[in-house]
Amino acid sequence: VAWMKLDATDMGRPLYLKLGFEDEAPVERWMAAAPSVAPLELSAYEPDLTLDREAFGADRSTLLASLASEQSVSIPGEGFAMARPGARADYFGPCVCRSPEAARQLLRWFLVRHAGKTVAWDILPANTEAVKLAREFGFERRRELVRMVYPGPSASRPLEHNDSYVFAIAAFEYG
């Protein structure tokens, strides 16, 4: 394995540091009671694996295929999003888009389906457009973890990724 990543809690982080992991970026959980928004029709889900690889730096096609069985939608050429029920809240993510406007549409798709329910959304705060959207729709930051990386062999380059495309991660347990 060239590189490994994980999202660590404050409790787990010291252990991962001892094992050689390094901090990469914070990850924040935002929550809200889903507001009512006007209905929106979008296309059936078509995975944009090229966009996803640009965003995350790795092939996640198997993970995306397994998550797509719940709720998923896309805007051709612009991005995609998924949703699923959770034990404490319904979950928005992953959401990978080329623009904040596409992410806004995909978030509205999610909110229509979960109006009035408690919903969760995990954001890389480096994507300031995602943070703006969260605030716009009434989400509040509730928790922070740290994305950590275990560097690969010295000959391997770090995974190239583009956090500006990541409007929602798949979840703490998936990255």
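First, a word on what this report is: a plain description of the structure on this page. A quick note: this is a predicted structure, and the numbers were derived from the prediction, not measured.

A word on the pairing of strand β5 (residues 79-84)
With six of its six residues buried, β5 lies for the most part within the structure. The alternating pattern of β5 places G79, A81 and A83 and F80, M82 and R84 on opposite faces, both of which are buried. As judged from the five bridges shared by strand β4 (residues 71-75) and β5, these two strands associate in the antiparallel manner. From the neighbouring strand, I75 faces β5, where its bridge partner is G79. Counted between consecutive antiparallel strands, the loop separating β4 from β5 contains three residues, among which G77 sits at a positive phi close to 80°. As paired elements, β5 and strand β6 (residues 90-97) share five bridges and run antiparallel to each other. Note on β6: the bridge partner recorded for F80 is V96.

Topic: the layout of surface pockets
Any space left empty among the atoms is revealed by the rolling of a water-sized probe across them. Of the pockets and cavities examined, the second largest pocket occupies roughly 320 Å³. Taken together, 13 residues form the lining of the second largest pocket, with R29, G86, A87, R88 and A89 sitting closest to its centre. Its residues assigned to classes, the lining of the second largest pocket comprises seven nonpolar, one polar and five charged.

Notes on the pattern of salt bridges
The full count for this structure, using the stated rule, is 14 salt bridges. Between R104 and E136 there is a salt bridge, with the nearest N and O atoms lying 2.9 Å from each other. Here R104 is found in helix α4 (residues 100-113), whereas its partner E136 is found in helix α5 (residues 128-136), with 32 residues between them in sequence. Given the relative accessible area of 23%, R104 is considered partly exposed.

Overview of the packing of α4 against α5
With their axes 10 Å apart at the nearest point, α4 and α5 run at an angle of 40° to one another. Where α4 crosses over α5, the handedness of that crossing is right-handed. Along the contact surface, α4 presents P100, A103, R104 and L107, while α5 presents E129, L133 and E136. Split into classes, the residues belonging to the contact of α4 with α5 amount to four nonpolar, no polar and three charged.

Considering the nonpolar core
Counting 28 residues, the largest nonpolar core has F92, C95, F110, W121 and F139 as its most contacted members. Contributing elements (two or more residues each) for this core: β2 (22-33), β4, β5, β6, α4, β7 (118-123), α5 and β9 (166-168). Of all the elements, α4 adds the most residues to this core, at seven residues. Contacts of C95, omitting those with residues within four sequence positions, involve F80, A81, A103, L106, Y165, V166, F167 and A168. Core analysis: the second largest hydrophobic core is formed by 24 residues, Y45, F56, L63 and A68 among them.

Calculation notes
- Residues numbered from 1 in each chain as written.
- Predicted model: local features only at pLDDT ≥ 70, side-chain atom pairs only at ≥ 80, totals over all residues.
- Heavy atoms only, no water.
- Buried < 20%, exposed > 50% of the residue type's maximum accessible area, 1.4 Å probe, protein only.
- Helix = DSSP H or I, 4+ residues; strand = E, 2+ residues; numbered from the N terminus.
- Pairing = 2+ DSSP bridges.
- 1 Å grid on protein atoms, 1.4 Å probe; cavity = no way out; pocket = protein on both sides within 12 Å on 5 of 7 lines; lining within 4 Å.
- Points joined across faces, edges and corners; volume = space filled by probe spheres on them.
- Nonpolar A, V, L, I, M, F, W, Y, C, P; charged D, E, K, R; others polar.
- Salt bridge = Lys/Arg side-chain N within 4 Å of Asp/Glu carboxyl O.
- Axes fitted to C-alpha atoms, helices over the stretch in contact; angles between N-to-C directions.
- Left-handed = near helix turned anticlockwise from the far one by under 90°.
- Contact = heavy atoms within 4.5 Å.
- Core = buried A, V, L, I, M, F, W, Y, C linked by side-chain atoms within 4.5 Å.

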